[in-house]
Amino acid sequence: MIGNGHVARRQAALLRLTTAIAAAKGEQEIYQSVVDGLHDEALGYNFLGVFLVEAETGDRVLQASIGWQEAPTEMHVHPGEGLSEQAIRDGELHYTADVTKAPRYYASLASGSEVDVPIRVDGKTIGVLVVESSEPNAFGEEDFEILKAAATQASIALGRARLLAEERRRADEFEALIETMAIMSSELELTKVLQAVIARAVALLGVSGGEVAIFEESTNELVVLASENIGKDSTGTHIAVGEGAMGTVAETLEPIIIPSYHEWLGQSPKYSDITVHSVMAAPLLIGKRLVGAIAIVHSNPERIFNEEDLRLLKLFAPQAAIAIENAGLYTAAQRQKQYFQEVVVNSPVAIVTLDHEHNIVDANPAFHSLFGYAEEETVGRNLDELITTEKSRTEAVQYTTQALDRPVRGIGRRRRKDGSWVDVEILGVPVFVEGQRHGLMGMYHDITELLETRREAEAANSAKSQFLANMSHELRTPLNAIIGYSEMLQEEVEELGHDEISGDLEKVHTAGRHLLALINDILDLSKIEAGKMELHLETFSVRSMLENVIDTARPLVEKNRNAFVLEILDDPGEMHADITKVRQMLLNLLSNASKFTEDGTITVAVENDGRGQGQSIVFRVTDTGLGMTPEQMDKLFEAFSQAETSTSAKYGGTGLGLAITRRFCHMMGGDVQVESKPGEGSTFTVRLPQHIDGNAQAQP
Amino acid sequence: MAKILLVEDNEMNRDMLSRRLERRGYEVALAVDGKDGIEKAQSGNFDLVLMDMSLPEIDGWEATRQLRAQPATEKLPIIALTAHAMAGDREKALEAGCDDYDTKPIEFKRLLSKIEALLNADA
């Protein structure tokens, strides 16, 4: 159809086409300039149209056209219809010389011949240029060349335009993200952040609305926190996992595209009143942990979400997830801060925080009520100047200075605003925040009453001990007479042969001796408890001391027909201790053993023991007597606690011997222990340091 | 027979102890306080002194120290008697110059053996 005379005009048309395409802004203009440029009398084409292939449907959709056929824009040619499909499938130019003879002839278009040229971008056929003539056999080789050249020009221009658009969109996305992140970092309140995120996402995707929900692990529910133009305010809506679009993604942890929400079987009744058409939702994840869900909606039925939309939504999902996570952490931190604030405010202990210069940063109500100051009178003031006088300041400043480095504790006296004094227990601790020293915290516990009670108790205890000591002393004088005269009378009675009275005098004498033993023990105990019992340390031979004790105790031990055994494997040598107290302890133990053993054996053993701290001397007194139950052993070393009252009545004794023994042991830095089984006897073990340090006297 | 000076302020104790000692054959002289005790110990020719420690005016420890300071009585055997069953009393008495020590109420046999031991050592 191109005659020789048309060569110049054909060249001109091609040049005009190239220039128009190059000048085109955007895809639409490119399509238009292709069809306009080729619509030239010199070329003689009756119809020109550019179709693009829609990825989802495979439909060819008309983008631009010109010619005698009035074609509606966005006209769809479905797969299986028309002649242009083949060019798209194999990427080659196809010529149909007589369309009426072609099996897939599209009857509404021209009835002559047709050329279909594929338009390719990045090696992929994205559309087709359809050129028709009303005459059959209207196209020749030269036409094919021109059309191919036009298609190539269009492809290049399209490629460039798409690249540009892509870059521009990425720039927009980036800007939106930056903006979102800026909001996120400046605004930590979760709902505001999420509102900002969804607003950005909606704007960038060009959809009508959307919403974001957080996942609440405790209830296994989603709660909508931000809602943007979805047809109602969904904020606060609770959505169960598995319910609706967001519930579904919360369950599957995969995004979902719902083309027609109202036809979707999974829809939630909570959203039945909204008018959205299609919905896209994605889970919000931190790693694999669900923190929420995001959904965007569109009310235009024309807009169907595709992979590209999903890609964009996926860009926002991590941002929203991080926002939720950060805000969650922030909220938790806020809650914790609030919790501690409540604790401090409601604490009955006065708490004050200071800066490096010892000035008050903050003080709790207990501090203000303890010292009688109002809040405005404390903040910024030097603590020690506030609650001490010049005389007592040095000690207070020492505490404060030390507390900047390490915890300090003590008891002191501080001044109230009205000048009165208060006894306080003081605790000072340095305050570190992330390794940085921020000053210190001081705590004051009012112990006025406590100290008063203690002083009273101490005074009462001391008075009691003094009373006991005096009483004991005063009781001894008449007792001396009772014991002495009864003993003397007994001697006289025996000499005079009045044996019938002797037994009674013996009873008076024995009772007097028992009373004396009681008084002595009470005196000892009261002295110990009054802190007036002293140690008189001397160095002595353990063996001699022990032999002396055994001589003293022998009559007592043998009274109940008991065998007396002394076991000394190696000579323990000398010890430095209070010999009188060691003797008294051993005599107490032997006296006990003798009392509760009949026709048995009582063994005293001694050994040198190097275990533990320093050398120890270990004394063991073992009997084969009555023995004790664990319950009886529990109270054994307490004052006035013979195993049973009946025992005391039968066996005598003061019940104080073991209590004194244990206290003496403790005074000398040792201990006494017992092992026993009912019916099998008992072993008392006294362990004492071999060399007692007089300066480091232990408290009883 | 040995002559013993008993320095004791309590009348009952004095009576009781002196009678028991006399029954054992000792010759017993009595002093009622520290001052009296010092005077009698220096004037009489005693073989031994039984000295109560808690005495009015001059106590037993001071009396003992004064007796030890005098040449006539510096070697006179003295047994301290005390109602304080306290550890330390023994050391305190020995420090003051007593030769022995016993606690009240008197365990008569024990006291006798102490008296005999000192008299025999002296002899």
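The rules behind these values
- Residues numbered from 1 in each chain as written.
- Chains lettered and ligands numbered in written order.
- Predicted model: local features only at pLDDT ≥ 70, side-chain atom pairs only at ≥ 80, totals over all residues.
- Heavy atoms only, no water.
- Helix = DSSP H or I, 4+ residues; strand = E, 2+ residues; numbered from the N terminus.
- Contact = heavy atoms within 4.5 Å.
- Areas by Shrake-Rupley, 256 points an atom, 1.4 Å probe, with all protein chains shown as cover.
- Buried < 20%, exposed > 50% of the residue type's maximum accessible area, 1.4 Å probe, protein only.
- Buried area = accessible area lost by both parts, 1.4 Å probe.
- Salt bridge = Lys/Arg side-chain N within 4 Å of Asp/Glu carboxyl O.
- Polar contact = N/O pair within 3.5 Å; in protein donor to acceptor, adjacent residues only side chain to side chain.
- Nonpolar A, V, L, I, M, F, W, Y, C, P; charged D, E, K, R; others polar.
- Core = buried A, V, L, I, M, F, W, Y, C linked by side-chain atoms within 4.5 Å.
- Axes fitted to C-alpha atoms, helices over the stretch in contact; angles between N-to-C directions.
- Left-handed = near helix turned anticlockwise from the far one by under 90°.
- Pairing = 2+ DSSP bridges.
- Parallel < 35°, antiparallel > 145°, perpendicular 65-115°, else oblique.
- pLDDT = per-residue confidence, 0-100.

Before going further, it helps to examine the overall build of chain B. The number of helices and strands found in chain B is five helices and five strands. For chain B, the sequential pattern of α-helices and β-strands runs β-α-β-α-β-α-β-α-β-α. The contacts of chain B with a sequence gap of at least 6 include a subset with a gap of at least 24, amounting to 59%. Split by element, the accessible area of chain B, about 5,600 Å² in all, is 47% carbon and sulfur.

The next subject is the overall build of chain A. For chain A, the helix and strand inventory stands at 18 helices and 24 strands. Out of the 700 residues in chain A, the part that is buried amounts to 45%. Carbon and sulfur atoms make up 52% of the accessible area of chain A, which totals about 35,800 Å².

The next subject is the interface of chain A and chain B. Contact residues are listed per partner, giving 23 residues for chain A and 21 residues for chain B. Buried surface at the junction of chain A and chain B, both sides included, amounts to about 2,000 Å², of which 53% is carbon and sulfur. A per-residue breakdown of the area chain A buries against chain B is headed by Asn 480, Tyr 485 and Met 488 of chain A, which together make up 27% of the total. Run the count over chain A and chain B and you get seven salt bridges. Among the salt bridges present, the one from Glu 492 of chain A reaches Arg 23 of chain B, with a minimum N-O distance of 2.6 Å. Counting across the chain A and chain B interface gives seven residue pairs in polar contact (both at pLDDT 80 or more). The greatest single-element share of the side of chain A that touches chain B, amounting to 13 residues, is contributed by helix 12 (residues 448–496) of chain A. Considered class by class, the residues forming the side of chain A that touches chain B number six nonpolar, seven polar and 10 charged.

In this section: the nonpolar core. Residue and element names in this part refer to chain A. Formed by 47 residues in total, the largest nonpolar core has its most connected members in Met 545, Val 582, Phe 619, Met 668 and Leu 688. For Phe 619, the residues in contact, after removing those within four places along its chain, are Val 542, Met 545, Leu 546, Met 575, Val 582, Leu 586, Ala 605, Val 606, Phe 684, Thr 685, Val 686 and Leu 688. In this structure, Val 35, Leu 38, Ile 146 and Ala 157 belong to the second largest nonpolar core, which totals 33 residues.

All names here are of chain A. Contact geometry for helix 13 (residues 499–529) and helix 18 (residues 657–667): axes closest at 10 Å, N-to-C directions at 35°. Of the two possible hands of crossing, helix 13 and helix 18 adopt the one that is left-handed. Facing helix 13, whose interface residues are Asp 521, Asp 524, Leu 525, Ile 528 and Glu 529, helix 18 presents Gly 657, Ala 659, Ile 660, Arg 663 and Phe 664. Of the residues contributing to the contact of helix 13 with helix 18, the split by class is five nonpolar, one polar and four charged.

Further remarks concern the sheet that holds strand 19 (residues 563–568) of chain A. Residue and element names in this part refer to chain A. Strand order in the open sheet made by the five strands is 19-21-22-24-23, with mixed pairing throughout. At either end of the open sheet lies a strand with only one pairing partner, and these are strand 19 and strand 23 (671–677). Put simply, the sheet's adjacent strands are angled 15° from each other on average, direction ignored. In this sheet, strand 24 (residues 681–689) lies alongside strand 23 in antiparallel orientation, the contact comprising seven bridges.

Attention now moves to the packing of helix 2 (residues 34–43) of chain B against helix 3 (residues 60–69) of chain B. Residues and elements named next belong to chain B. One can describe the packing of helix 2 onto helix 3 by two numbers: an axis separation of 9 Å at closest approach and a directional angle of 25°. Classed by the angle they form, the pair helix 2 and helix 3 counts as roughly parallel. The element helix 2 and its partner helix 3 pack so that their crossing is right-handed. In contact with Gly 34, Ile 38, Ala 41 and Gln 42 of helix 2, helix 3 contributes Ala 63, Gln 66 and Leu 67. Counted by class, the contact of helix 2 with helix 3 contains four nonpolar, three polar and no charged residues.

Okay, the confidence of the model for chain B next. Looking at chain B as a whole, the pLDDT averages 87, with 93% of positions reaching at least 70. Scoring of the predicted complex yields 0.42 for pTM and 0.78 for ipTM.

For the rest of this paragraph, the subject is the pattern of salt bridges. All names here are of chain A. Scanning the entire structure with this criterion turns up 35 salt bridges over all chains. When the shortest N-O distance is used, the salt bridge between Arg 455 and Glu 452 registers 3.9 Å. Of this pair, Arg 455 and Glu 452 both sit in helix 12, separated by three residues, roughly a single helical turn. For Arg 455, a relative accessible area of 42% corresponds to the partly exposed category. Among the salt bridges present, the one from Glu 558 reaches Arg 554, with a minimum N-O distance of 3.2 Å. Here Glu 558 and its partner Arg 554 are both found in helix 14 (residues 542–559), four residues apart, which amounts to about one turn of the helix. On the accessibility criterion, Arg 554 (33% relative accessible area) is partly exposed.

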